[in-house]
Amino acid sequence: LTIGHAAGHGLLYQITGDKRHAELGRECIERFLEGVRDRDPRYAFRRPGGALRAGPTLGWLAVGYDLCRDGWNAAARERIGRALWEYRELSDGDERKGPVTLESLARGTMPPHSNHFGMQVGGAALVLLALEGEPWLDRARHGELLAHAAHSMQRNLEEGFGDGGYFLEGDGTGSMASQIVFLSALQAWKNAAGRDYFSSPRPNARLLTLKWIYQTIFREGRPEVWPIRGGY
């Protein structure tokens, strides 16, 4: 089981219309709610490996929720949606930092030049965009958190990344700050809220992924990213 399985089943449900896939997606999410961990155990709904791992976990479960929800009954929609909305969990092995919440992820617990920031705020944005319009939602509170998330998305582009996709901590950590969940959140803003971070005036996100193509050369038929500047 991985944090992406529910989204995979949700995609199959959207393509085929077969509610069996929506049910499998629901089962995947509910196993995480019960405490099952990803095959990389740092990614978990219960007691995750810090806010760094909680962000992508919630974000990808929210994508699964969004893609599967029309195949569920109202009780399942609310039960799973509320679990995402009311998220509050201590980190595994580091309780001193206090609980991770949807608000702490939307604001970010680290500055934008840390790879933690994009992982957190991207995940929070996916949750908030997926839940918008649910009848049980506190709409005023949701609007407040969505505004925080939008501000954080912009901060990551302005303070973490340069216009050419350069990240202050380097390429390795920069790939975490962009590819694992933040890039998907950027696309979700465009799809769900009409906010285009790719074609907008600077700062924008158009080179977050293209830079990896530009920096790839081939040695003996195998791709290699160059230059390798290390983690920091």
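Located above this text is the structure these notes cover.
To start, this report covers the structure provided alongside it. (Residues numbered from 1 in each chain as written. Predicted model: local features only at pLDDT ≥ 70, side-chain atom pairs only at ≥ 80, totals over all residues. Heavy atoms only, no water.)

Thoughts on the packing of aromatic side chains
Consideration 1: What the rule picks out here adds up to four aromatic pairs.
Consideration 2: Centroid distance Phe 45 to Tyr 87: 4.8 Å. Interplanar angle 70°. Geometry classified as edge-to-face. Of this pair, Phe 45 sits in the loop between helix 2 (19-33) and helix 3 (51-68) while Tyr 87 sits in the loop between helix 4 (74-85) and strand 1 (88-89), placing them 42 residues apart in sequence. Both residues of the pair, Phe 45 and Tyr 87, count as buried.
Consideration 3: If you follow Arg 195 out to its NZ or CZ, it ends over the ring of Trp 189, 5.8 Å from the centre.
Consideration 4: In this structure, Lys 211 is placed above the aromatic ring of Trp 212, and the distance from its NZ or CZ to the ring centre is 4.8 Å. (Phe/Tyr/Trp six-rings, centres within 6.5 Å; stacked < 30°, edge-to-face > 60°. Helix = DSSP H or I, 4+ residues; strand = E, 2+ residues; numbered from the N terminus. Buried < 20%, exposed > 50% of the residue type's maximum accessible area, 1.4 Å probe, protein only. Lys NZ or Arg CZ within 6 Å of the ring centre and 35° of its normal.)

Regarding a nonpolar patch on the surface
Consideration 1: Together, Leu 210, Ile 213 and Tyr 214 give the surface a local cluster of nonpolar side chains, amounting to about 330 Å² of exposed area.
Consideration 2: As for its placement among the helices and strands, Ile 213 is situated in helix 10 (residues 207-214). (Patch = residues over 30% accessible without salt bridge, like charges linked within 9 Å, V, L, I, M, F, W, Y side chains within 5 Å. Areas by Shrake-Rupley, 256 points an atom, 1.4 Å probe, with all protein chains shown as cover. Salt bridge = Lys/Arg side-chain N within 4 Å of Asp/Glu carboxyl O.)

Concerning helix 4
Consideration 1: With 12 residues, helix 4 extends 16 Å between its outermost C-alpha atoms, agreeing within 8% with the 16 Å of an ideal straight helix rising 1.5 Å per residue.
Consideration 2: Listed in full, the buried residues belonging to helix 4 are Ala 76, Ile 80, Gly 81, Ala 83, Leu 84 and Trp 85.
Consideration 3: On its buried face, helix 4 sits against helix 2, helix 3, helix 5 (102-107), helix 6 (115-131) and helix 7 (139-160). (Expected span 1.5 Å × (residues − 1). Contact = heavy atoms within 4.5 Å.)

Details of helix 7
Consideration 1: Taking 1.5 Å as the rise per residue, helix 7 with 22 residues should run 32 Å; its terminal C-alpha atoms sit 30 Å apart, in good agreement.
Consideration 2: Considering only its buried residues, helix 7 is in contact with helix 4, helix 5, helix 6, helix 8 (171-179), helix 9 (182-193) and helix 10.
Consideration 3: In this structure Asp 138 caps helix 7, since a side-chain oxygen of it lies 3.3 Å from the backbone nitrogen of Ala 140. (Polar contact = N/O pair within 3.5 Å; in protein donor to acceptor, adjacent residues only side chain to side chain.)

Some words on the pairing of strand 4 (residues 222-225)
Consideration 1: Here strand 3 (residues 216-219) pairs with strand 4 via four bridges, running antiparallel. Residue pairing for strand 4: Ile 217 is matched across the bridge by Glu 224.
Consideration 2: Hairpin connection between strand 3 and strand 4: a loop of two residues separates the two successive antiparallel strands, and Glu 220 in this loop has a positive phi of roughly 50°. (Pairing = 2+ DSSP bridges.)

Here we look at the environment of Gly 59
Consideration 1: As for its placement among the helices and strands, Gly 59 is situated in helix 3.
Consideration 2: With 60 residues separating them in the primary sequence, Gly 59 and Met 119 have C-alpha atoms 9.1 Å apart.
Consideration 3: Among residues more than four places away in sequence, those in contact with Gly 59 are Gly 123, Leu 126, Val 127 and Val 181.

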